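Examination of the molecular architecture
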Amino acid sequence: MGSKNNASYNDQAHFSELGRRIEAPPIAWLMEQKLKHPDLISLAAGFTDSPSLPVKEVQTIFAKITKSNKRAMECLQYGVGAGRDQLRQQTAEQVAGLDVSAPEGPCYKPDRVIITHGSQQFLYLLTEALCDENDIVLVEAPSYFVYLGILQSFDTKTRSVPMDSDGMNLESLKKTLEELRQSGEIRKVKMLYLVSYFQNPTGISTSLEKKKAILRLVKSYEKHAGHPIYILEDAAYRELKFPDTPETPSMLTLPGARQRVIYSGTYSKSFATGIRIGFALLPSPLRTVVMRIKGNHDFGTANLLQSILEEALDSGLYQSHLNRLQSRYQSKARHMQKCIQRSFPDEIEWAGPAGGLYFWAKAPKNISTGPRSPLFKKALKERVMYVPGVYTYAKDLNTHDCDNAMRISFGNASLEDIRQGIERLGSALNAQCSRKK
Ligand SMILES: Cc1ncc(COP(=O)(O)O)c(C=O)c1O
């Protein structure tokens, strides 16, 4: 009898539609591999550099904010849904400071800011606020695969737009919008999602010229859509630029951005991923709805963690930490680049990034990099792992066309692991390339 009952518990028929639809994230499978093979060098994880986490800074800050009972009690209490006033003010100034070229702007007002539990939470809340089943979001091909997972869970459809070395291919974007207009599906298009700085997974940044053209083009289709089409500029890696990389203004600097551009950012990559503080700047009607949904999720992001960030920004510890971090990632990226030059066969196309955490490499078309491919198996045998490129393309594409790329991260691996990992991956690639000759 017991087993009969257990059998019915395993049945998922009583789950919600979303509960039945949601797929396991690919990263879970990759993490499982790492647990199964502890000696594996993972160049797959999107984790940041552990030795440079701001341990001393956080110890100092924590001592300071808990020294007086009054301040400690305030930090240990529930906060407000939109986020702490001071942190919203600091965040608005921080983004405006990066966008120095901005026509001093209504876009950077603290009452447009919302603080979230990582920018990941914001991506979820925003999609929940905007998208129903069968709505459409335009995405880069490839794109941030965890966001693609959110879209899949809502049964929101994607239209993929290929990328050039400076962002979305405009001809393809135009062609896609035109096709959607002709089929009438333009009414379903809610948003275009762009990871505009040192993109995850390719490392590509969108140029200002492209940002202008994308905004103009998308706006020109709104009359056919019959509603606003938003642009979500996900700037998660913006502050991880290398020290000598010039700053590119965000889309918030562009005329007409105030009602259409949603900017999301995070302190998670630039300070501490474990603190999980993200933020967004967005038009007010949408912000109100996102805040209501956030209220249902959590009543507001952890007050204590927001206070740590406030103090880090206020004391200058944030900026000094970030300066060191940018140099650290640059030297790790240079190291990885040298290792790749030494170990990868000539057939592999790759380009070094100017910030962020990732290299993107492409094998010849006839070599699959997928999770079941001989290359991936050989790499696992050599005890090294990468993110198969196929995970980073939305399902509206034919996966055969995007099965030969890989994302390789220098974020978390030590210099020695980068050396050994790239050597092992090089050996797997060389074996595969010579077999296909
Ligand atoms: C492009 C992109 N956006 C958003 C996030 C979410 O980061 P967090 O929730 O730590 O702010 C990530 C994390 O890897 C990312 O790669």
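Described below are features of the structure shown in this document. (Residues numbered from 1 in each chain as written. Predicted model: local features only at pLDDT ≥ 70, side-chain atom pairs only at ≥ 80, totals over all residues. Heavy atoms only, no water.)

1. Here we look at helix 9 (residues 170-183)
Under the convention used in this document: Labels follow the DSSP assignment, with helices taken as runs of H or I lasting at least four residues and strands as runs of E lasting at least two, numbered in each case from the N terminus. Take the number of residues in a helix, subtract one, and multiply by 1.5 Å to get its expected span. To sort residues, take the accessible area from a 1.4 Å probe on protein chains only and compare it with the maximum for the residue type: under 20% means buried, over 50% means exposed, and anything in between is partly exposed. Note that the arc is computed from the directions linking the helix axis to the C-beta atoms. Throughout this description, a polar contact denotes any pair of N or O atoms lying within 3.5 Å of each other; where both atoms belong to protein, one of them has to be capable of donating a hydrogen while the other can accept it, and for residues adjacent in sequence the pair is counted only when both atoms sit in side chains.
Helix length check: helix 9 (14 residues) gives 20 Å between terminal C-alpha atoms against 20 Å at 1.5 Å per residue, within 8%. Those residues of helix 9 lying buried are Leu173, Thr176, Leu177 and Leu180. Projected down its long axis, helix 9 carries its buried residues within an arc of 95 degrees, all on one side. Facing away from the buried side of helix 9, by more than 90 degrees, are the exposed residues Glu171, Lys175 and Gln182. Of the residues flanking the start of helix 9, the one acting as N-cap is Asn169, its side-chain oxygen 3.1 Å from the backbone nitrogen of Glu171. Of the residues trailing helix 9, Gly184 is marked for its positive phi of about 85 degrees.

2. Side note on the site of the ligand
What counts, and what does not: Only heavy atoms are used to decide nearness, and a residue is near a molecule or strand if one of them lies within 4 Å of it. The method behind every accessible area is Shrake-Rupley, applied with a 1.4 Å probe, and residues are considered shielded solely by the protein chains displayed.
Around the ligand, the structure places 13 residues, and the nearest of them are Asp234, Tyr237, Thr266, Ser268 and Arg276. At 2.6 Å, a side-chain N or O of Tyr237 approaches an oxygen atom of the ligand. A total of 400 Å² of accessible area belongs to the ligand in isolation, and the protein chains cover 93% of it. Among the elements that make up the shell around the ligand, the one with the highest residue count is helix 7 (residues 118-130) (three residues).

3. Topic: the pattern of salt bridges
Keep this limit in mind: Salt bridge, as applied in this entry: a Lys or Arg side-chain nitrogen positioned within 4 Å of an Asp or Glu carboxyl oxygen.
Applying the stated criterion across every chain yields a total of 30 salt bridges. A salt bridge links Glu133 to Arg21; its shortest N-O distance comes to 3.8 Å. Highlighted residues: Glu133 in the loop between helix 7 and strand 3 (136-141) and Arg21 in helix 2 (residues 17-21), separated in sequence by 112 residues. Measuring nitrogen to oxygen at the nearest pair gives 3.0 Å for the salt bridge that ties Glu382 to Lys378. Given a relative accessible area of 28%, Lys378 falls into the partly exposed group. Several salt bridges converge on common partners, so that one network encompasses Glu17, Arg21, Glu133, Asp155 and Lys157.

4. As for the environment of Leu208
Threshold: By definition in these notes, contact holds between two residues if any of their heavy atoms fall within 4.5 Å.
As for its placement among the helices and strands, Leu208 is situated in helix 10 (residues 208-220). Separated by 151 residues in the primary sequence, Leu208 and Glu57 place their C-alpha atoms 35 Å from one another. Beyond its immediate stretch of four places on either side in the chain, Leu208 contacts Thr248, Pro249, Thr253 and Leu254.

5. Quick look at the sheet that holds strand 7 (residues 230-234)
Here is the rule: Note on pairing: DSSP must find at least two bridges between two strands before they are called paired. With axes taken as lines fitted to C-alpha atoms, and helix axes fitted only over the stretch in contact, angles between N-to-C directions fall between 0 and 180 degrees.
Ordered by their spatial adjacency, eight strands build an open sheet running 2-9-8-7-6-3-4-5, and the pairing between neighbours is mixed. Each of the sheet's edge strands pairs with one partner strand only, and the pair in question is strand 2 (113-117) and strand 5 (167-168). Two strands pair when backbone bridges link them, and strand 7 and strand 8 (residues 261-266) are joined in this way by four bridges, in the parallel orientation. Residue pairing across strands places Asp234 opposite Ser264, the latter belonging to strand 8. Where helix 6 (residues 85-98) meets the sheet, its contacts fall on strand 2, strand 8 and strand 9 (277-281), and the angle it forms with strand 2 comes to roughly 105 degrees. Packed onto the sheet, helix 10 meets strand 4 (157-164), strand 5, strand 6 (189-195), strand 7 and strand 8 and runs at close to 155 degrees relative to strand 7.

6. Observations regarding the side chain of Ser307
Mapped onto the secondary structure, Ser307 falls in helix 13 (residues 303-315). Within polar-contact distance, the side chain of Ser307 engages the backbone oxygen of Asn303 at 2.7 Å.

7. Re unusual backbone geometry
Look at the link from Ala141 to Pro142: it is a cis peptide, with omega at 5 degrees. If you trace the backbone, Pro142 turns up in the loop between strand 3 and helix 8 (145-153). Cis rather than trans, the peptide bond between Asn200 and Pro201 has omega equal to 20 degrees. The phi dihedral of Asn134 is positive, around 70 degrees, even though this residue is not glycine. Tracing the chain through its elements places Asn134 in the loop between helix 7 and strand 3. Even without being a glycine, Asp155 presents a positive backbone phi close to 60 degrees.

8. Overview of the sheet that holds strand 11 (residues 358-362)
Read across the open sheet, the four strands follow the order 10-11-14-13; overall the sheet is antiparallel. The two strands at the open ends of the sheet, each matched to only one other strand, are strand 10 (349-351) and strand 13 (387-388). Sheet topology note: the strand 10/strand 11 ladder contains three bridges and is antiparallel. The residue bridging Glu349 from the neighbouring strand is Lys362, located in strand 11.

9. Comments concerning the packing of aromatic side chains
Stated formally: Only rings of Phe, Tyr and Trp enter the pairing, Trp through its six-membered ring, and a pair is recorded when the two centres are within 6.5 Å. The plane angle decides the type: under 30 degrees is stacked, over 60 is edge-to-face, the rest tilted.
The full count for this structure, using the stated rule, is 15 aromatic pairs. Measuring from centroid to centroid gives 5.5 Å for Tyr237 and Tyr358, while their planes differ by 75 degrees, and the two rings are edge-to-face. Placement of Tyr237 in the loop between strand 7 and strand 8 and of Tyr358 in strand 11 is noted, with a sequence separation of 121 residues between them. The class for Tyr237 is buried, based on a relative accessible area of 5%.

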